[in-house]
Amino acid sequence: MGVKKKLQLTSLLGLSLVVMTACGTSDVTADSTDIWSKFVYFFAEIIRFLSFDISIGVGIILFTILIRTILLPVFQTQMVASRKMQEAQPRIKALREQYPGRDMESRTKLDQEMRKVYKELGIKHSSSLWPILIQMPVLLALFQALSRVDFLKTGHFLWINLGGVDTSFVLPILAAVFTFLSSWLSNKALPEKSGAMTGMMYGMPVLIFIFAISSPSGVALYWAVSNAYQVLQTYFLNNPFKIIAAREAEVQAKKDLENRKRKAKKKAQKMK
């Protein structure tokens, strides 16, 4: 999925949070009848259960880890797809230079060749889209639970009221920092880094920070824990340093092979 589309989806997520806040302000209880309220209350009950009468913040942390672990295969597919998409960019760039025309024939040929590259590398654009779409109802339900369910509105984590905004900015800052680290690790092994990609790496944490300071602190806590989980997932399952080392080893192996061929050719010439 392209940088522009990711930014659009992130903006849509922020807009959705605002809309949901405006549309649903009445209390949600066990007696609520509409489907969305039942969904919101179900989330609230899970968080309360996972808090073990210690802290609602503990419940949100464990809830986040549970959700991310359940969705781990989906997020892993997204990360692999994103990496493959970036690795394909040099070939895509070469194709664009090969078919620079704006006429229908050139555009059709370019599209066909790009599809061949994507198919060869096993790239599916939808793989990058699903995690964001799946997270959206989770965030919206969590946002609503923290602002509409009584026993969550009064929940605390350390000194922070999870139903209100974090005036200390600790959780929004943590959410932004872990968002940056997640993007930095994901982009570390890319063969080519575009200006748009770099802009997104620095821009996304700013957007997350802005959303977090205007959302209930529980949502900021969810974002912080979710992105911290993403950092660990990237490091252990998609370690960029190992990817870079493997790529460098492959390049070195090719150079060594070429050197051996060159030496063998020179040796054969001397024997003649």
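Per chain, residue numbering runs from 1 following the sequence as it is written. For a predicted model such as this one, the threshold for reporting local features is a pLDDT of at least 70, and the threshold for listing and counting side-chain atom pairs is 80 or more; totals across whole chains, interfaces and linings nevertheless cover every residue. The side-chain figures draw on all heavy atoms in the structure; neither hydrogens nor water molecules are used.

Participant: Got a minute to help me understand the overall build of the protein in this structure?
Facilitator: Numbering of helices and strands runs from the N terminus; a helix is a DSSP stretch of H or I covering at least four residues, while a strand is a stretch of E covering at least two. Scanning the protein from N- to C-terminus turns up twelve helices and two strands. The cut-offs for exposure are 20% and 50% of the maximum accessible area for each residue type, with area from a 1.4 Å probe on protein chains only; residues under the lower value are buried, those over the upper are exposed, and the others partly exposed. Scored against the burial criterion, the 272 residues of the protein give a buried share of 43%. Here the analysis covers contacts within the protein between residues at least 6 apart in sequence; of these, 77% occur between residues at least 24 apart. Only the protein chains shown count as cover for residues, and all accessible areas are computed by the Shrake-Rupley method using a 1.4 Å probe. Roughly 15500 Å² of accessible area belongs to the protein as shown, and the carbon and sulfur atoms make up 64% of that amount. Contacts are assigned to residue pairs that have any heavy atoms within 4.5 Å of one another.

Participant: Where do I start with helix H10 (residues 195-213) in this structure?
Facilitator: Each full turn of the α-helix corresponds to 3.6 residues, which orients residues three or four apart in the same direction. Given the number of residues in a helix, its expected span is that number minus one, multiplied by 1.5 Å. Given a rise of 1.5 Å per residue, 19 residues ought to cover 27 Å, and the 27 Å separating the end C-alpha atoms of H10 matches this to within 8%. Fitting axes to the seven residues that end at a residue and to the seven that start at it, the angle between those axes gives the bend at that residue. At Tyr202, H10 shows its maximal bend, which comes to roughly 30°, and the proline Pro205 appears one to four places after that position. For H10, the complete set of buried residues consists of Met197, Met200, Met201, Met204, Pro205, Ile208, Phe211 and Ala212.

Participant: What is the right way to read the confidence of the model for the protein from this model?
Facilitator: If pLDDT is low for a region, its predicted coordinates should not be looked at in detail. Residues with a pLDDT of 70 or more make up 85% of the protein, whose mean pLDDT is 78. For the stretch residues 1-8, pLDDT sits under 50, and the model shows 14 contacts to residues farther than four places along the chain or on other chains. Per-residue confidence from the predictor is given as pLDDT, running between 0 and 100.

Participant: I keep staring at the pattern of salt bridges and nothing clicks. Help me out?
Facilitator: Oppositely charged side chains can form a pair if their charged atoms are brought close together. The rule for a salt bridge is simple: a side-chain nitrogen of Lys or Arg has to be within 4 Å of a carboxyl oxygen of Asp or Glu. Tallying each qualifying case throughout the model produces three salt bridges. In this structure, Arg115 engages Asp111 in a salt bridge whose closest nitrogen and oxygen atoms are separated by 2.9 Å. One end of the pair, Arg115, and the other, Asp111, are both in helix H6 (residues 104-121), four residues apart, so they sit about a helical turn from each other. The partner of Lys116 in a salt bridge is Glu113, with the nearest N and O atoms 3.5 Å apart.

Participant: Can you walk me through unusual backbone geometry in this structure?
Facilitator: For residues other than glycine, phi is negative in most cases, and the peptide bonds are mostly trans. Within the chain, Asp53 stands out as a residue other than glycine whose phi angle is a positive 60°. Along the chain, the position of Asp53 falls in the loop between helix H2 (35-51) and helix H3 (56-70). Asp53 sits in the exposed class, given a relative accessible area of 79%. Within the chain, Phe169 stands out as a residue other than glycine whose phi angle is a positive 65°.

Participant: Looking at this structure, I do not really get the packing of aromatic side chains. What am I missing?
Facilitator: For any two aromatic rings, the description comes down to two numbers: the centre-to-centre distance and the angle of the planes. Each Phe, Tyr or Trp ring, with Trp reduced to its six-membered ring, pairs with another whose centre is within 6.5 Å; inter-plane angles below 30 degrees give stacked pairs, above 60 give edge-to-face pairs, and intermediate values give tilted ones. Taken as a whole, this structure holds eleven aromatic pairs when the rule is applied. Geometrically, the ring pair formed by Phe42 and Phe43 is tilted, given 6.5 Å between the ring centres and 55° between the ring planes. According to the relative accessible area criterion, Phe42 is partly exposed, its value standing at 48%. For Phe43, a relative accessible area of 6% gives the class buried. Both rings, one in Phe169 and one in Phe209, keep their centres 6.2 Å apart while their planes meet at 40°; by these two values the pair is tilted. In this pair, Phe169 sits in the loop between strand S2 (160-161) and helix H9 (170-188) while Phe209 sits in helix H10, placing the two residues 40 residues apart along the sequence. Judged by its relative accessible area of 39%, Phe169 is partly exposed. Take Phe209: its relative accessible area is 26%, and that puts it in the partly exposed class. An aromatic cluster is present here, built from Trp36, Phe39, Phe42, Phe43 and Phe63 joined pairwise through their rings. Its end group placed over the ring of Phe151, Arg48 keeps NZ or CZ at 3.7 Å from the ring centre. Think of it as a cone above the ring: NZ of Lys or CZ of Arg counts as a charge over the ring if it is within 6 Å of the ring centre and within 35 degrees of the ring normal.

Participant: Whenever I open this one, the packing of H9 against helix H11 (residues 217-237) confuses me. Can you help?
Facilitator: When two helices pack together, their arrangement is captured by the angle between the axes and the distance separating the axes. Angular values range over 0 to 180 degrees, each being the angle between N-to-C directions of two axes fitted as lines to C-alpha atoms, with helices fitted over their stretch in contact. Running from N to C, H9 and H11 point in directions that differ by 25°, and their axes come no closer than 8 Å. Viewed along their axes, H9 and H11 adopt a mutual orientation that is roughly parallel. Note on packing geometry: the crossing formed by H9 with H11 is left-handed. Residues Leu171, Pro172, Leu174, Ala175, Phe178, Thr179, Leu181, Ser182, Leu185 and Ser186 of H9 pack against Ser217, Ala220, Leu221, Trp223, Ala224, Asn227, Ala228, Gln230, Val231 and Thr234 of H11. In this classification, the charged set is Asp, Glu, Lys and Arg, the nonpolar set is Ala, Val, Leu, Ile, Met, Phe, Trp, Tyr, Cys and Pro, and all remaining amino acids, among them Gly, are polar. Looking at the contact of H9 with H11 residue by residue, the class counts come to 13 nonpolar, seven polar and no charged. Any angle that is under 35 degrees is reported as roughly parallel, and any over 145 degrees as roughly antiparallel; angles of 65 to 115 degrees are reported as roughly perpendicular and all others as oblique. Handedness of a crossing is defined here by the sense of rotation of the near helix relative to the far one, left-handed for an anticlockwise turn of less than a right angle and right-handed for a clockwise turn.

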